[in-house]
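# A structural walkthrough
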Protein chains: 2
Amino acid sequence: MITNMNKFKNILKQKNIKPTYHRLKILEYIVENMGTHPTAEMIYDALKGEIPTISMTTVYNTMNSFLDKGLVTPVIITGTEVRYDYNKSHHHHLQCRKCGKIFDIDIECPLALGKKKFINGHRIEEVHGYFKGICKNCLKSKKE
Amino acid sequence: MITNMNKFKNILKQKNIKPTYHRLKILEYIVENMGTHPTAEMIYDALKGEIPTISMTTVYNTMNSFLDKGLVTPVIITGTEVRYDYNKSHHHHLQCRKCGKIFDIDIECPLALGKKKFINGHRIEEVHGYFKGICKNCLKSKKE
DNA sequence: TTCATATTTGTAATCATTATAAATCTGTAA
DNA sequence: TTACAGATTTATAATGATTACAAATATGAA
Ligand SMILES: [Mn+2]
Ligand SMILES: [Mn+2]
Ligand SMILES: [Zn+2]
Ligand SMILES: [Zn+2]
């Protein structure tokens, strides 16, 4: 849709990122697949069909500029790979130890409420929380 | 102290880990430097003076068996390195964006209370939380 | 002492990510 | 339109933490 592409174009312009074709397609992908919290590789694999010449470096470059401009945030759970989150609302995550998928968890975290700026004398700037367990899908799939 | 070494020996025996010299010295180091949440490299650097032949592989092997046996837990914040925590009580962490140090934060996290076993249909097995900010030491050191 | 087994070591491999420099694209001045 | 400076993309090499592997060494029971 041309209207959607205009939407993405505006998002990039608002963040002072030049809306190139690659950046638009990458943005489109992460917006429409927000719930998957994709890795760089997942983005690359999803786009290389439509853009056969795209390179991993471009994905990394793009995601790093998105990170710099605050368009996405990194989700770090395993330590083996960065996953990107377009959802900027404050929320937590759950990673399933069966399927590895990462889910958004919308619970009100008392610690995240903007109240306390200091804990134990340290200044708090960011609050992060995540769970590990078994996702609802894997629970359905029978045996533990 | 020989008494301390016996203490460490017993800790390893209780976990079914053979108390070799290397393992005892590594355990001693992480217990006495619990608050630093050391990396494999920090452990290696601290011990190579006393044990010149020690290798990084041994540190990794040892920490992996400590992890397997639940003697330590991994602290993953940056995604660039694993830090090890001997403190098994449930607690959170703060990493200072100035000095990079990791501090224990002992706050009662309502989410961590063993109550809820399920959230949004997912089974919760672990609750992790951490903060980013400026530690109290770096706050004292004048300019932001 | 002897031998099987576990531990430690040095080195190579892996994997995600970054660095680098060449190739390509884009927008604008002439 | 053409030419060109600057930005973007690409291919490739480098990096750094961790693991894989196989040889060397230590341990400890027979
Ligand atoms: Mn999310
Ligand atoms: Mn800790
Ligand atoms: Zn699952
Ligand atoms: Zn600090």
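Just so it is clear, the structure is predicted and the values come from calculations on it, not from any experiment.

### Some words on the relation of the copies chain A and chain B
Once chain A has been moved 0.0 Å along the axis and rotated by 180°, it coincides with chain B to within an RMSD of 0.0 Å. Put plainly, the chains are arranged around a two-fold axis. When you check the interface residues of chain A against chain B, 100% turn up at the interface there too, and the contact is symmetric in its surfaces.

### Observations concerning the protein's contact with DNA strand C
Not every one of the 16 residues close to DNA strand C is listed here, only the nearest: Y60 and V82 of chain A together with T20, T53 and T58 of chain B. For DNA strand C, the backbone makes up 78% of the atoms found within 4 Å of the protein, where backbone means sugar plus phosphate. T53 of chain B is positioned with one of its backbone polar atoms (N or O) 2.7 Å from a phosphate oxygen of DNA strand C. In the environment of DNA strand C, a phosphate oxygen lies 3.2 Å from a nitrogen or oxygen atom belonging to the backbone of S55 of chain B. For the surface near DNA strand C, the secondary-structure elements that each account for two or more residues are helix 4 (56–68) of chain A together with helix 2 (21–32) and helix 4 (56–68) of chain B. Its residues placed into classes, the surface near DNA strand C shows 3 nonpolar, 10 polar and 3 charged.

### Considering the protein's contact with DNA strand D
Around DNA strand D sit 16 residues in total, of which T20, T53 and T58 of chain A together with Y60 and V82 of chain B are the nearest. Within 4 Å of the protein, the atoms of DNA strand D are drawn from sugar and phosphate moieties in a proportion of 78%. The contact in question runs from a phosphate oxygen of DNA strand D to an N or O atom on the backbone of I54 of chain A, over 3.4 Å. Here a phosphate oxygen of DNA strand D and a backbone polar atom of S55 of chain A are 3.2 Å apart.

### Details of the interface of chain A and chain B
Listed as interface residues are 36 residues of chain A and, on the opposing side, 36 residues of chain B. Counting the surface lost from both chain A and chain B, the interface buries some 3200 Å², and carbon and sulfur atoms represent 60% of this. A per-residue breakdown of the area chain A buries against chain B is headed by H122, R123 and Y130 of chain A, which together make up 19% of the total. Put simply, chain A and chain B have 2 salt bridges between them. Here R97 of chain A ties to E125 of chain B by a salt bridge, and the two come within 2.8 Å at their closest N and O atoms. Here chain A is connected to chain B by 12 residue pairs in polar contact (both at pLDDT 80 or more). Elements represented by at least two residues in the side of chain A that touches chain B include exactly strand 3 (92–96), strand 4 (102–105), strand 5 (118–119), strand 6 (122–134) and helix 5 (136–140) of chain A. Residue contributions to the side of chain A that touches chain B peak at 13 residues, all from strand 6 of chain A. Partitioning the side of chain A that touches chain B into residue classes produces 18 nonpolar, 9 polar and 9 charged. Two elements, strand 6 of chain A and strand 6 (residues 122–134) of chain B, share 11 bridges in a ladder whose sense is antiparallel.

Basis of the calculations
Residues numbered from 1 in each chain as written. Chains lettered and ligands numbered in written order. Predicted model: local features only at pLDDT ≥ 70, side-chain atom pairs only at ≥ 80, totals over all residues. Heavy atoms only, no water. Least-squares fit on C-alpha atoms with pLDDT ≥ 70 in both. Contact = heavy atoms within 4.5 Å. Near = heavy atom within 4 Å. Polar contact = N/O pair within 3.5 Å; in protein donor to acceptor, adjacent residues only side chain to side chain. Helix = DSSP H or I, 4+ residues; strand = E, 2+ residues; numbered from the N terminus. Nonpolar A, V, L, I, M, F, W, Y, C, P; charged D, E, K, R; others polar. Buried area = accessible area lost by both parts, 1.4 Å probe. Salt bridge = Lys/Arg side-chain N within 4 Å of Asp/Glu carboxyl O. Pairing = 2+ DSSP bridges.

Just distances and angles here, no functional claims.
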